[in-house]
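# Structural characterization, general
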Amino acid sequence: MTKHPLLNEVQDGSRLKNVSEEFGTPLYTYFGEQIRNNLDRIDTALRANFKKYQIYYAVKSNNNPNLLAFMHQHLPTLGADCSSPGELLAAERASIPFTNCVYTGNYESMDDLQCAVDSGCEINLDDETSFTRLKNICIPEYISFRLNPGVGKGRFAEIVTGGREAKFGIPVENIAAVYKSALTDGVKTFGLQCHSGSAILDQKHFRENTQLILKTARHIEDIINHRLLKISIGSGFGIPYVDDEDPLNFNDVFDLVAEVFKEFYGQHQHDWPILCIEPGRALVGDAAILLAQVTGIKDSYKTFIGLDAGMETLMRPALYGAVHRIYKVGAVTEKQNITVDVTGRICENTDRLAVDIPFPDVVEGDLIAIMDTGAYGYSMAHQFNTRPRPAEVLVDKGAPRLIRSRETIEDIFRNCDN
Ligand code: LLP
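Read on for an overview of the structure. Here the structure is a predicted model, which means the values were calculated and not measured. (Residues numbered from 1 in each chain as written. Predicted model: local features only at pLDDT ≥ 70, side-chain atom pairs only at ≥ 80, totals over all residues. Heavy atoms only, no water.)

## Observations concerning the packing of aromatic side chains
Counted only if it meets this: In this scheme Phe, Tyr and Trp rings, the latter by its six-membered ring, pair at centre separations within 6.5 Å, and the angle between planes marks the pair as stacked below 30 degrees, edge-to-face above 60, and tilted otherwise. Labels follow the DSSP assignment, with helices taken as runs of H or I lasting at least four residues and strands as runs of E lasting at least two, numbered in each case from the N terminus. Note on exposure labels: buried denotes an accessible area under 20% of the residue type's maximum, exposed denotes more than 50%, and partly exposed covers the range between, all computed with a 1.4 Å probe on protein chains only.
The final tally for this structure, using the stated rule, is 14 aromatic pairs. Ring centres 5.6 Å apart and planes at 65 degrees place the aromatic pair F50 and W272 in the edge-to-face group. Of the two residues, F50 is situated in the loop between α3 (32-49) and β2 (53-58) and W272 in the loop between α10 (250-265) and β10 (274-277); the sequence distance between them amounts to 222 residues. No difference in accessibility class separates F50 from W272, as the two residues are buried. Measuring from centroid to centroid gives 6.0 Å for F131 and F145, while their planes differ by 75 degrees, and the two rings are edge-to-face. Here F131 is found in helix α7 (residues 128-134), whereas its partner F145 is found in strand β6 (residues 142-148), with 14 residues between them in sequence. Judged on exposure class, the residue F131 and its partner F145 are both buried. Among the aromatic residues, ring-to-ring pairing joins F50, F261, Y265 and W272 into one connected group.

Written as structure tokens, this is what we have:
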């Protein structure tokens, strides 16, 4: 069990109170130092084990161009993993060169593919039929395909992206033939990608997953008689969401991954393909606190604490039953007298941020901190019940910086002619 890296911020509360007064609530509050720590931990562990590697930040986890730029300034080698034209634009706005970006879509439209081709980024295709569509635009020099290894893993069934129920990737049985036909069509060089699930804290998974990928890579290489230049093991790097979980030790994780590379390619790293990873959650997840205010308290059959943030602000609990630690700011150690559901103001009974949690006494107006909301928080926020999306602020050296202003109700109707 490890203490949350931002727990002191919540207990002390002064910075959180200041930003909430200055920028209002609900407010996604990012801590630059934690993002830098996450980048450094992953980059250092990779560097210790691999001579050739590339980190592509998964933009879907948080698309704020200011955050991307912040990360890219700290780690200039950082690339971006994009899954839509919008995510490519976020990378461009952050000045991440497209030559360091990869486009991984699924069921891509011709417009999507055209946009990816026009950007000049690498293309990682989800299916053979995607390649058939792409051929109408061009035959790229280099391409990779996404493997569905037949199994997957994830914190919730909903975020498992490998296996027979997954809509992603090419079945392991079929994938070599897809490479063979791409070679025949004129593609010159290849990579292989696989992302089979998210939010995993079991370190052994990364070894087993790499084994599956490299086994398939070897088979593909035998069939096409070409070495694969890049192997992307995707992501899945989890973070603790509850107190009794430990963070991944990335030195151990990439030790394990490197062992598998040695098994398959030998001791000499110049014979190894480039290892690629696509972390999202592990870079930004634990670096943000969603700040909200208590708007109403109700003693009904259960006790409800109502906030000005709900499922429209943070979808994960309603969508997956995801658990996020929630604290009253300044009261981490206060006695937890009551058992409550924490809810928002949405007209939907799934609108819960927490169910049956012990909580200290609160009054209307109290400031509440919802932890680990940097990944898939804002990026999955929406406008149900005509609630504008929140603001985002970056706390780092110097004054807190508003990195996305609060949406207004007018913004919601901007595209309506009435
Ligand atoms: N690469 C690909 C191709 C992906 O599809 C994903 C996530 C990632 C990388 C980044 O994975 P991560 O570092 O976050 O494990 N909305 C869910 C997560 C869905 C992830 C989908 N793909 C959640 O809130 O947990």
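## Digging into the site of the ligand
Counted only if it meets this: Each residue is tested against the molecule or strand, and it is near if at least one of its non-hydrogen atoms lies within 4 Å. For this analysis, a polar contact is any N or O atom pair within 3.5 Å, provided that within protein one partner can donate a hydrogen and the other can accept it, and provided that sequence-adjacent residues contribute only side-chain to side-chain pairs. Each accessible area is a Shrake-Rupley estimate made with a 1.4 Å probe; only the visible protein chains count as cover when residues are assessed. Put plainly, a pocket is an open set of points on a 1 Å grid over the protein atoms alone with protein on both sides within 12 Å along at least five of seven lines, a cavity is a set where a 1.4 Å probe fits but cannot get out, and a lining residue has an atom within 4 Å of a point. More than half of a molecule's atoms within 2 Å of the grid points is what it takes for that molecule to sit in a cavity or pocket. Think of it as three bins: nonpolar holds Ala, Val, Leu, Ile, Met, Phe, Trp, Tyr, Cys and Pro, charged holds Asp, Glu, Lys and Arg, and polar takes everything else, Gly as well.
Neighbouring the ligand are 19 residues, the closest being S235, E278, G280, R316 and Y376. A distance of 2.7 Å separates a nitrogen atom of the ligand from a polar side-chain atom of E278. In isolation the ligand exposes 590 Å². Once the protein is present, 93% of that is buried. Spatially, the ligand is embedded in the largest pocket. Tallied by class, residues from the shell around the ligand come to six nonpolar, seven polar and six charged.

## Some details on the pattern of salt bridges
Rules: Salt bridges are defined as contacts in which a side-chain nitrogen from Lys or Arg sits within 4 Å of a carboxyl oxygen from Asp or Glu.
Across all of its chains, the model carries 21 salt bridges by this definition. In this structure, D43 engages R47 in a salt bridge whose closest nitrogen and oxygen atoms are separated by 2.9 Å. Note that D43 and R47 are positioned in helix α3 at a spacing of four residues, about one turn of the helix. Note that D243 is salt-bridged to R325, the shortest N-O span being 2.9 Å. Taken together, the residues span a long stretch of sequence, with D243 in the loop between β9 (230-232) and α10 and R325 in the loop between α12 (316-320) and β13 (326-328) at a distance of 82 residues. Take D243: its relative accessible area is 36%, and that puts it in the partly exposed class. What makes R325 buried here is its relative accessible area of 11%. Residues joined in a network through salt bridges with shared partners are K302, D341, R352 and D356.

## Re the environment of R93
Inspection of the secondary structure puts R93 in helix α5 (residues 85-93). A C-alpha to C-alpha distance of 5.9 Å links R93 and P65, two positions 28 residues apart in sequence.

## A word on the packing of helix α9 (residues 203-224) against α10
Cut-off, in case you're wondering: Helix axes use the C-alpha atoms of the stretch in contact, all axes being lines fitted to C-alpha atoms, and the angles between their N-to-C directions lie in the range 0 to 180 degrees. If an angle is under 35 degrees, it is roughly parallel; if it is over 145, roughly antiparallel; if it lies from 65 to 115, roughly perpendicular; otherwise it is oblique. Crossing handedness is defined as follows: a turn of the near helix away from the far one that is anticlockwise and smaller than a right angle gives a left-handed crossing, while the clockwise case is right-handed. Note on definitions: a residue-residue contact is assigned when non-hydrogen atoms from the two residues lie within 4.5 Å.
Two numbers describe how α9 lies on α10: the axes approach to 9 Å, and their chain directions differ by 25 degrees. When the axis of α9 is compared with that of α10, the two are roughly parallel. When you trace α9 past α10, the crossing you get is right-handed. Only D252, V253, L256, V257, V260, F261, E263, F264 and Y265 of α10 make contact with α9, whose side of the interface consists of Q203, K204, F206, R207, T210, Q211, L214, K215, A217, R218 and E221.

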